[in-house]
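Structure assessment
Letter by letter, the chains look like this.
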Amino acid sequence: MKKLNTILLLLLVFLAGRLGAQPQKMDNILYGAAYYHEYMPTDRLAEDLKLMKESGMSVVRLGESTWSLFEPREGEFDFNWMDRIIDGLHANGIKVILGTPTYSMPAWLWHKHPEVLVNYEKGSKAYYGIRQNMDITNPTFLFYSERIIRKMMEHYAKHPAIIGYQVDNETTSYGVNNYDYHISFINYLKKKFGSTENLNKIWGLNYWGMTINDWDEFPEKDGVTNTAYKLEWERFKRKTVADYLTWQATIVSEYKRPDQFITQCFMPSVQDIDQIESSKKMDVLAVNVYHGSQENLTGDEIAFAGDFFRSVKMKNYLITETNAQTIGWDSRSQQPPYDGQLRQNVYAHLGSGANMVEYWHWHSIHYGQETYWKGILSHDLQPNRAYTEYSKTAHELQKFGKKLVNLKITNKVAILFSHDSNAGLNIMPFKTPKADMWGSASNVYRNELVGQFHRVLYRNNVGVDFIFPENARFENYDLVIIPALYIASDDLLNKISKYVENGGHVIMQFKSGFCDENSMVRPMLAPGPLRKACGFYYQEFTNFKELSLKDNPFNVDEASNKVYDWGEYLIPETAKALAWYDHQYFGKYPAITINNFGKGTLLYEGTGVSDLIQEKLILLEMAQAGIKTVDQNLHWPIITKSGINEASKKVHYYYNYSSQKSTLVYPHKNGNELTSGKVITSGATLEINPWDVLIIEEN
């Protein structure tokens, strides 16, 4: 009988794996770092394990960039060195996330097969000596990648320390423009559009006489000016990444235990990939979030990444990398966090729905490009200020992390994020982008348009989700914010109109509805199918640098009473003007309108507005929708987030993003402050120290 029970148990485990059983739900917050003992100048594994255990570390990520050690020569595999590390972590009660090592290929691979390296547009090419330099669609690269993944999974899938697998690392298409990629693109077009005649019509290839009669005539990307071609190329790049990650996840799923998860560490430059398609075979999403520190720590980047990646699967997510000490590929941006900031950042991630926070990385590296991207330990490898703060936070999470894990967050406001509109506005820009935090040209749609909406919501303590054209459920929200929806199908625009007509509230930005899903300008009065919901039409538009609004309609300071970059000559039909341009010629056209349509309203911004005006407009529409709460009585640098924990109790986070002590009146039900253990009563005045956090669980 005992033998039969064992057989039945094994059969159930096997069937659970084959039927897609989900990994076990996390029962506490995971807190740790990436670890690279293979980078160490000396063997100090025993000392690192001792420091990790004493600090309260619960999880470590390993292996994602060390293919050259797993397979030092073609077909020769060595896992002994990693066995020792994983066994040591397991002996100290530390969980492991193991990465497939495919984002950095070994020297022997490129040397034998240089064709796996990326060729970029217009003749430039990648060289060996940096990571992420491969064509992820190249059959040779895929052959060797599959072999190392399978060898690793065969060796490690049963190890009890391993709770999950990360497939690849920060994957994008890497700007690939190889010949085989071009052929794959043509095959994709054949499947989507059928014939060259159909493609000529939909893409408008009669323009400049570029019609093609056969697929052999289809041009390479290098010289292309056609906007539909460029848009479809961007879609194909996103599909390429999704296919690659799905392929890796499928291989890993053949071996993993039912209690293990699959993830990938995405970057918060979210416009580069289709996160929904890329994560279909993943159990949980992970993201690498880097941000400012010292006086440049705002929490904006943490909140944006959290809200976005929580929204993709509408579930909790992981932080696989974030700032420990300083960051940078050289020593020109070294700003170690102030006391308290490292700990505050952890709780900022948790308040947005993270179930894990890991740093990049445990120890600082003594050579190479990321010498100054420092870990918890500095180059001296001794306990320090960061280690002390890390340990304090880890032990707090051991004490009450169970009250914070799997936080359920529900919001009444959503931002519609369109990858196609992002691509369309990059193809046909309406302004020169500003520089980002690294000094490079930033993405206008992601950083300036979507970024402004999210920043204003965040700084006014408005909880927000992201929704996507592919699966948007507008009806789940009372207010939907739509940044410049430049590329959209009639179906999507009609869905938005129906949402408003049925009682929804929308804030919509300029350029929305202008082009269809193939980047063709609609041959009708703008904004096309949105005309009735918007209550206006327009035929003209203009660029300008900066204008004021007439009579300061939103009662803001003079510097904030400004609009920027773009203006549409709106001609109201049923819409009411909320603001007019203060200009001799443009002044007869409203800059901002609102329209009652059916049971709902649509507020339209025909121009770029200042943060303060944006704040006024959002709060106006929240009041119209009846969703303003006591949280809007607080404003950055005091930030609050909330959710429901596993015990069905409401948890409120309060953060002070400043170097001055602040106070607030606690407006919710009586509860307990978890970090101090103090009882908190409704209406009590609370003090928050600089760069600190209060966490209150309601009774």
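Conventions and cut-offs
Positions within a chain are numbered from 1, following the residues in the order the chain's sequence is written. Thresholds applied to this predicted model are a pLDDT of at least 70 for local features of residues and 80 or more for the giving and counting of side-chain atom pairs; totals over whole chains, interfaces and linings are not thresholded and use all residues. Side-chain numbers come from the whole structure's heavy atoms, not from hydrogens or water. Helix numbers and strand numbers start at the N terminus; a helix is a DSSP run of H or I with at least 4 residues, a strand a run of E with at least 2. Take the residue count of a helix, subtract one, and multiply by 1.5 Å to get its expected span. With a 1.4 Å probe rolled over the protein chains alone, any residue whose accessible area is under 20% of its type maximum counts as buried; one over 50% counts as exposed, and the rest are partly exposed. The arc refers to the directions leading from the helix axis to the C-beta atoms. Any two residues whose heavy atoms approach within 4.5 Å are treated as being in contact. Think of a 1 Å grid over the protein atoms and nothing else: a 1.4 Å probe that fits but is trapped marks a cavity, an open set flanked by protein within 12 Å on at least five of seven lines marks a pocket, and residues with an atom within 4 Å of a point count as lining. Grid points are joined across faces, edges and corners, and a volume is the space filled by probe spheres set on the points. If DSSP finds at least two bridges between two strands, the strands pair. Helix axes are fitted only over the stretch in contact, all axes being lines through C-alpha atoms; the angle between N-to-C directions runs from 0 to 180 degrees. Note: pLDDT gives the predictor's confidence per residue, expressed from 0 to 100. The disulfide criterion is simple: two cysteine sulfur atoms within 2.5 Å. Helix crossings are classified by the rotation of the near helix relative to the far one: an anticlockwise turn of less than a right angle makes the crossing left-handed, while a clockwise turn makes it right-handed. Note on ring pairs: Phe, Tyr and Trp rings are taken, using the six-membered ring of Trp, and paired if centres are within 6.5 Å. Classes follow the plane angle, with under 30 degrees stacked, over 60 edge-to-face and the rest tilted. Cation placement over rings: the criterion is NZ of Lys or CZ of Arg within 6 Å of the ring centroid and within 35° of the ring normal. Within this document, salt bridges are pairs made up of a side-chain nitrogen of Lys or Arg and a carboxyl oxygen of Asp or Glu, the two lying within 4 Å of each other.

This paragraph deals with helix α16 (residues 490–501). Across its twelve residues, α16 extends 16 Å between first and last C-alpha, which sits within 8% of the 16 Å expected from 1.5 Å per residue. Regarding α16, the residues found buried are Leu492, Leu493, Ile496, Ser497, Tyr499 and Val500. Seen end-on, α16 carries its buried residues on one side only, within an arc spanning 155°. Buried-residue contacts for α16 involve β12 (479–482), β13 (505–509), α17 (531–534), β19 (590–597) and β20 (600–605). Directly after α16, the chain includes Gly503, whose backbone phi takes a positive value near 120°.

Before going further, it helps to spend a moment on the layout of surface pockets. Taken as a whole, the second largest pocket spans an internal volume of roughly 940 Å³. Looking at the second largest pocket, it is lined by 41 residues, and the ones nearest its centre are Gln24, Lys25, Met26, Asn355 and Asn406. Secondary structure elements with two or more residues in the lining of the second largest pocket: β1 (30–34), β4 (162–166) and α13 (385–400). Here the lining of the second largest pocket takes three residues from α13, the largest share from any one element.

Spatially, the nine strands line up as an open sheet ordered β5-β4-β3-β2-β1-β9-β8-β7-β6, and their pairing is parallel. Only two strands of the sheet have a single partner each, and these edge strands are β5 (261–263) and β6 (265–266). Across three bridges, the pairing between β1 and strand β2 (residues 59–62) is parallel. Residue Gly32 lies in a different strand from β2, and its bridge partner there is Val59. Packing of helix α4 (residues 80–91) onto the sheet brings it into contact with β2, β3 (95–99) and β4, and relative to β2 it is tilted by some 170°.

Quick look at the confidence of the model for the protein chain now. Confidence in the prediction for the protein chain averages 95 pLDDT; 96% of positions are at 70 or higher. Low pLDDT, under 50, characterises residues 1–20; the stretch is placed with five contacts to residues that sit more than four places away or in other chains.

As a further point, take the sheet that holds strand β15 (residues 541–548). Within the open sheet, the three strands sit side by side as β15-β16-β21. Their pairing is antiparallel. Each having just a single partner strand, β15 and β21 (607–609) make up the two edges of the open sheet. Mean inter-strand twist for the sheet, computed between neighbouring axes without regard to direction, equals 15°. Two strands pair when backbone bridges link them, and β15 and strand β16 (residues 562–568) are joined in this way by seven bridges, in the antiparallel orientation. Each residue of the ladder has a partner; that of Glu546, found in β16, is Tyr564.

Turning next to the state of the cysteines. Within the structure shown, the criterion is met by zero disulfides. In this structure Cys515 is a free cysteine whose sulfur lies 15 Å from that of Cys534, the closest cysteine sulfur available.

To continue, consider the packing of helix α12 (residues 341–351) against α13. A pair of packed helices can be characterised by two numbers: the angle between their axes and the separation between those axes. α13 packs onto α12 with a crossing angle of 35° between their chain directions and a minimal axis gap of 8 Å. Judged by the sense of rotation from one axis to the other, the crossing of α12 with α13 is right-handed. From α12, Gln341, Leu342, Arg343, Val346, Tyr347 and Leu350 reach across to α13, where they touch Ala386, Glu389, Tyr390, Lys392, Thr393, Glu396, Leu397 and Phe400.

Turning our eyes to something else, we now look at helix α14 (residues 419–427). By the criterion of burial, α14 is predominantly enclosed, with eight of the nine residues buried. Regarding α14, the residues found buried are His419, Asp420, Ser421, Asn422, Ala423, Gly424, Leu425 and Ile427. Taken together, the buried residues of α14 touch α9 (227–253), α10 (275–278) and α15 (444–459).

By the secondary structure assignment, Ser391 is in helix α13. Taking the relative accessible area as the measure of exposure, Ser391 reaches 14% and is therefore buried. Not counting residues within four places of it along the chain, the set of residues in contact with Ser391 comprises Glu54 and Ser55.

Summed over all chains, the structure comprises 56 aromatic pairs. Pairwise contacts between aromatic rings join Tyr181, Phe185, Tyr188, Phe193, Trp203, Trp215, Phe218, Tyr229, Trp233 and Phe236 into one cluster. Lying over the aromatic face of Phe514, Lys511 brings its terminal NZ or CZ to 5.9 Å of the ring centre. Above the plane of the ring of Trp566 lies Lys511, whose end atom (NZ or CZ) is 4.0 Å from the centre.

In this structure the tally under the stated criterion is 39 salt bridges. Two residues, Glu47 and Arg44, come together in a salt bridge whose shortest N-O distance is 3.6 Å. Taking the relative accessible area as the measure of exposure, Glu47 reaches 39% and is therefore partly exposed. Residue Arg73 pairs with Glu76 through a salt bridge whose shortest N-O separation is 2.8 Å. Since its relative accessible area comes to 36%, Glu76 is described here as partly exposed.

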